[in-house]
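Chain by chain, the residues run as shown.
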Amino acid sequence: MGLEPEMSFDQQAFRQALGQFPTGVCVVTCSAGSQQLGMTISSFNCLSLEPPLILFSIDRKAVSLPLWEKAAGYAVNVLAENQKDISNRFAKSRSNKWEGAKFAHGQFGAPLLPGVAAVFECIRKAKYTAGDHILFIAEVRSFNSSIDRMPLVFSKGRYAALESTEFVAPLWPLDIHY
Ligand SMILES: Cc1cc2nc3c(=O)[nH]c(=O)nc-3n(C[C@H](O)[C@H](O)[C@H](O)COP(=O)(O)O)c2cc1C
């Protein structure tokens, strides 16, 4: 198969093509009253540096969506390469995702998971319906990262890990910055 555009929208082929774009894996969290919410997402991305905005999208079929739409703040927990079990736990709909889970309370009530590669604490800025998903845009108010931890990767519908041997401490600013 070459790189010609697909002429018809075969759903499976579309998903397969999207899987050629690797992402990290995050558990986005928020709280609704005394209830904690958490969801594994790969749709996290940076949107703006000034102001610091991030985005993620949630399937309109997600059971917990009405609660996400009400939340004023979120924490995006970027999973480390040894946290596949956490990713699987927070991807299971209608399960008790928080049973026995360790977490701290973030500044906007959103749970913070231990051992993650990075965390971004955000407040909601905007929300748009976009096809079968809701796009959330949030402003980062604080963040933390453990640069010694490698991030978990998701590609081709599977988890993957980065080759740590390819990594050396970067000199800032990066010469490949766009
Ligand atoms: C690696 C991975 C990435 C995912 N990314 C997303 C995502 O970006 N958006 C989304 O709505 N669901 C995503 N999911 C599925 C949700 O985690 C799952 O449907 C959700 O936890 C269901 O929540 P519910 O209990 O509210 O129904 C992903 C699952 C996995 C395993």
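Up top you'll find the structure we're talking about.
The structure reproduced in this document is the subject of the present report. (Residues numbered from 1 in each chain as written. Predicted model: local features only at pLDDT ≥ 70, side-chain atom pairs only at ≥ 80, totals over all residues. Heavy atoms only, no water.)

**Observations concerning unusual backbone geometry**
Generally, phi is negative for residues other than glycine and the peptide bonds are trans, each holding for most cases. With omega at 5°, the peptide bond leading from E50 into P51 counts as cis. By secondary structure assignment, the location of P51 is in the loop between β4 (45–48) and β5 (53–59). Here the phi dihedral of R94 falls at roughly 55°; this positive angle occurs in a residue that is not glycine. Looking at where R94 falls in the secondary structure, it is placed in the loop between α3 (84–89) and β7 (104–105). On the basis of relative accessibility, which here comes to 75%, the residue R94 falls in the exposed class. Of note, K156 is a non-glycine position whose phi angle comes to about 55°, a positive value. Its place among the elements puts K156 in the loop between β11 (152–155) and β12 (158–161). (Helix = DSSP H or I, 4+ residues; strand = E, 2+ residues; numbered from the N terminus. Buried < 20%, exposed > 50% of the residue type's maximum accessible area, 1.4 Å probe, protein only.)

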